[in-house]
Amino acid sequence: MTTATTPTPNSRQAQAWNGSVGTHWATHHDRYDTMLSGVNDALFEAAAIGSGDRVLDIGCGAGITTRIAARRAAHGHAVGVDISAPLLDRARASTASDGITNAAYEQADAQTHAFPPAGYDVAISRGGVMFFADHTAAFTNIARALRPGGRLVFVCPQPVGQGTEESRTLGLFAELLAREDGPEESPESIPPEAAADATAARTAMASLSDPARIHEVLTAYEDVTVTPVPVETVWGQTPADAVDFILSRTPGRTVTAATRASLEEAFRPYATEFGVRLRAGVWLVTAVRPT
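Because the structure is a prediction, the values reported are computed rather than measured. (Residues numbered from 1 in each chain as written. Predicted model: local features only at pLDDT ≥ 70, side-chain atom pairs only at ≥ 80, totals over all residues. Heavy atoms only, no water.)

Caption draft 1: Summary view of the packing of aromatic side chains. Enumeration over the complete set of coordinates arrives at eight aromatic pairs. An angle of 80° between the planes, with centres 6.1 Å apart, marks the rings of Phe 132 and Phe 139 as edge-to-face. Under the relative-accessibility criterion, Phe 132 is labelled buried at 11%. Taking relative accessible area as the criterion, Phe 139 reaches 0% and is therefore assigned buried. Between the aromatic rings of Phe 139 and Phe 154, the centroid separation amounts to 5.4 Å while the plane-to-plane angle is 20°, which identifies the pairing as stacked. Of the two residues, Phe 139 sits in helix α7 (residues 135-145) while Phe 154 sits in strand β5 (residues 146-157), which places them 15 residues apart along the sequence. In terms of burial, Phe 139 and Phe 154 fall into one category: buried. By the ring-pair criterion, three or more aromatic residues cluster together here, those being Trp 17, Trp 25, Tyr 32, Phe 131, Trp 235 and Phe 245. (Phe/Tyr/Trp six-rings, centres within 6.5 Å; stacked < 30°, edge-to-face > 60°. Buried < 20%, exposed > 50% of the residue type's maximum accessible area, 1.4 Å probe, protein only. Helix = DSSP H or I, 4+ residues; strand = E, 2+ residues; numbered from the N terminus.)

Caption draft 2: Examining α7 more closely. Along α7, the residues classified as buried are His 135, Ala 138, Phe 139, Asn 141, Ile 142, Ala 143 and Ala 145. Its buried side turned inward, α7 meets β1 (54-58), β4 (120-126), β5 and α10 (211-217). You can read the cap of α7 off the contacts: a side-chain oxygen lies 3.2 Å from the backbone nitrogen of Thr 136, and it is on Asp 134. (Contact = heavy atoms within 4.5 Å. Polar contact = N/O pair within 3.5 Å; in protein donor to acceptor, adjacent residues only side chain to side chain.)

Caption draft 3: Quick peek at the side chain of His 29. If you trace the backbone, His 29 turns up in helix α3 (residues 29-36). Residue contacts for His 29: discarding those within four places in its chain leaves Ala 62, Arg 90 and Ser 94.

Given below as structure tokens:
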């Protein structure tokens, strides 16, 4: 397995995203991209990428947003940065398959990576900025990579207790799993490292859910806005498919037939001809590097 090209102070997330979490996202990249596609319009409308722009995609994952940015910056270029080798392998393969020649990828921690000073016109992220060890340091480093007047645009989750369909359904899902007391769900059935990886990623996911915290860490920017955006997340083609997907996120996870039936029932009210779709909410954040 390759390691990050620059040192990282964030070894816990590096382990997760180069381990079971990153492998799962790379294996199921199409599903994750479909799940998160509802935020693309808001993200790219706010980013207003021009044809000659130089775009930095932070936490680019499997590269779908980098590829969209590269297409919009047809006479410029897009660079995706991520800490995960499995996801970057997938990003490079998909970019080559699509015939996109103005996109490139770097394995690095954006908190510490030596970006070219003022080398980008806009930095974007679709849910990739929550995992830093030090958010203020990371966003300050990204600001140095932007030209004066350059734009930062990202989306991140709202608090899980917002009462959305997604938070209610996933909360019920968690309750049902917690009640599972059959031998299949003994702690020994889940590899400790995989459990630690999943916990690290899940905890970091909520690190920017408070708008006050977002303003606090963007001290290197001006004109900061935090706007709520309603979205729909797609969890599977059918309730059974959605349950399979969620259970697969924790290697070794098994449940009894009765619990599985209850899990599927939790998704059933949201099953449509276009898949299992749950209404949720994200924050759309914009900021500008001072001139």
